Amino acid sequence: MPGILHFAEVFSPLKGFVLGGLNKENKYVTKPTYIVGIDLGTTNTILAYTTVEHDPRTAPAIKVLEVPQSIGPGEAAERPTLPSFIFQPSKHEMTSLDRTLPWDSEVSQMVGHYARDKGSEQPQRLISSSKSWLCNAMVDRNSSILPWEAPEEIAKLSPVAASAAFLNHLRLAWNYIVAKEDESKGLEYQELFLTVPASFDAVARELTVEAAKMANLPDVTLLEEPQAAFYAWIHSCGESWREKIRPGDIVLVCDLGGGTSDFSLIRVSDEKGDLGLERIAVGDHLLVGGDNMDLALAYAVSQEVAQTKTKLDAWQMRTLWHACRTAKEALLGDLSCESIPVSILGRGSGLIGNTIRTDLKRTVMEQVIIDGFFPTCERNSRPMVASKTGIRETGLIYESDPAITRHLSYFLDRQPDPAATTPTAILFNGGVMKSEMLRSRVMDVISSWNRQEDRKLRHLDSENLDLAVAKGATYYGLARRGRGVRIRSGLAKTYYIGVAASMPAVPGMPAPIKAFCVAPFGMEEGTENILPEQEFNLVVGEEATFDFLVSNLRIEDPAGVMVEDWHGEIDHLTTIDATLEGEAGRIIPVTLKVKLTEIGTLELWCVSKQESNQRWKLEFNVREQK
């Protein structure tokens, strides 16, 4: 149900968008030196950057930070990706833990490559998929619950704290490499863009921002990942991108990562002889991706092992899960390879001697992944809905139907005009789609849905699917400064908030509600409206009602217009009863500030006219409406 997802939040002091940050003396740094894009991924975390100032005669270069990290016992190295894994060592391991990182002499956990490899041997100590846990409303995401189902003696982190650990590692690495001689170049003082799935709800987005703050990155702008992937494609093409797409094209961004599948549609139009880009649709949050494929392969291999009268326990299944990930990547990367050895540690004193050795065969991998996750289907196919058991185990809530092609069919078919939004071009992103075999399957399935010659599906080549999102987020920072192409994503409706009219009380008749326009039709994401001339009275300290309204008809209303007789043209959207923080019953004069974020969140700020350090936020996700 659409509605306000966060409210009753008092901010002090009042702080707007700051190009820079606070130094240790709480003084603002005047300007950032770098624009930084961070992909906080389910499988890998990546940082890309460029300088704010550059020679206008050349295209700005976007680089990827080589992140120092532990890659083995006593060994550290720089890698472009920081695997999003945390290994929680035992007390014995902690005391003997190698101090391999140049900036950290008090290591309490492993992050990155070595953590991933070490965790494959001791999966009960491994934190993975923390990004997926951020959007799991069935658990307290601020509680220390990861590793999930780990024994009591193992130290745990919250999904927010785990996400913060990856960001903090990037901050420490950046500051050691880039800002070692100049504190003002610290990551916390740069212009930061952090990506999230387009389908993340407002709670998950807020928790992502909270994780950044925990990592001492107080000012970040969120950007949805499929848009970032498209920005990376534009940057990699240079000016030739205008020759690869044409007016009338509908570009499908198909982003399949380790934990989620994300779909977006971008329309290409002719704007006075130039090409215009508009993001017109975003898919649902689908918790299906590489993790699901790895688990499915693990079950397939375990069934083969069971034929030898060997039954794997839960600990060994988790080990096999991680081993199948490595084997899958090897098979998808080398089409000439027919099988990859897989080892499963035994239980008991003779672990090495009891090691189970088997293979992941290509035939099994293709049957499980292609037939299970990318089956052929019709354009009007729908994801299958499994019967719901009354009592379910708590954990990540995966999609009941793993068939990504059916989810894709449903996404396209439910658009307002499915025929007009049939993709003519597709841009792949995410580690799963590095496989040419999987890309070809998706292309074939979508092509079978439309046989019109003039709308034949084309593939837009991506430079690097692992690094694209971080690079694209950096390019977006350049575009915001007028040094790149922007994707428009304006509102398709006009939004209002209900305001009680000021009039004498009449017995039995409530005060009429006026509609005050806060977000006009076409308002671009990433923009804001400040309405200082309008003053309202805000009730705090006791329960109050907030009405949100919407109109498809009044597309000419500007922000700040008050509509008295709105029935028949403006519809009621939702009502929220909330108690805003403050002295009970107090009436505070406020002005309104409205921001439509880059990820589709409409933020309505009520700013006190009496105390400039107080403001309250009502937040609404405009993309959650059906």
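Before reading further, recall that the structure is shown in the block above.
**Q** I'd like a description of the sheet that holds strand S9 (residues 110-111), backed by residues and values.
**A** Across the sheet, three strands lie side by side as S9-S8-S10; this open sheet has antiparallel pairing. With one partner strand each, in any of the chains shown, S9 and strand S10 (126-127) form the two edges of the open sheet.

**Q** Tell me about the nonpolar core, residues and numbers included.
**A** Counting 54 residues, the largest nonpolar core has Phe263, Leu320, Phe374, Leu408, Ile426, Met433 and Leu438 as the members making the most contacts within it. Those residues in contact with Phe263 that lie beyond four places of it in its chain are Leu252, Val253, Cys254, Leu256, Ala281, Val282, Gly283, Leu286, Ile404, His407, Leu408 and Phe411. Listed in part, the 46 residues of the second largest apolar core include Leu40, Ile86, Ala161 and Ala162.

**Q** Explain the environment of Thr601 to me, using residue names and the numbers behind them.
**A** Along the chain, Thr601 turns up in strand S27 (residues 601-608). Residues Thr601 and Phe620 lie 19 residues apart in sequence; the distance between their C-alpha atoms is 5.7 Å. Thr601 has contacts with Arg205, Lys595, Leu596, Glu619, Phe620 and Asn621, leaving out every residue within four places of it along the chain. Within the structure, Thr601 has its side chain in polar contact with the side chain of Arg205 (distance 2.5 Å).

**Q** Tell me about helix H8 (residues 290-306), and please be specific about residues and values.
**A** Given 3.6 residues per helical turn, the α-helix brings residues three or four places apart onto the same face. Spanning 17 residues, H8 covers 24 Å between terminal C-alpha atoms, matching the ideal 24 Å at 1.5 Å per step. Taken together, the buried positions of H8 are Gly290, Asp291, Asn292, Met293, Asp294, Leu297, Ala298, Ala300, Val301, Ser302 and Val305. Those residues of H8 hidden inside the fold are in contact with helix H9 (314-333), strand S17 (356-361), helix H10 (362-373) and helix H11 (404-413).

**Q** Got a sec to walk through the side chain of His113? Specific residues and values, please.
**A** When you line up the elements, His113 lands in helix H2 (residues 113-121). Ignoring anything within four residues of it in the chain, the contact list for His113 reads Gln69, Ser70, Ile71, Arg79, Thr81 and Pro83.

Here is what the cut-offs are and how they apply
- Residues numbered from 1 in each chain as written.
- Predicted model: local features only at pLDDT ≥ 70, side-chain atom pairs only at ≥ 80, totals over all residues.
- Heavy atoms only, no water.
- Pairing = 2+ DSSP bridges.
- Helix = DSSP H or I, 4+ residues; strand = E, 2+ residues; numbered from the N terminus.
- Core = buried A, V, L, I, M, F, W, Y, C linked by side-chain atoms within 4.5 Å.
- Buried < 20%, exposed > 50% of the residue type's maximum accessible area, 1.4 Å probe, protein only.
- Contact = heavy atoms within 4.5 Å.
- Polar contact = N/O pair within 3.5 Å; in protein donor to acceptor, adjacent residues only side chain to side chain.
- Expected span 1.5 Å × (residues − 1).

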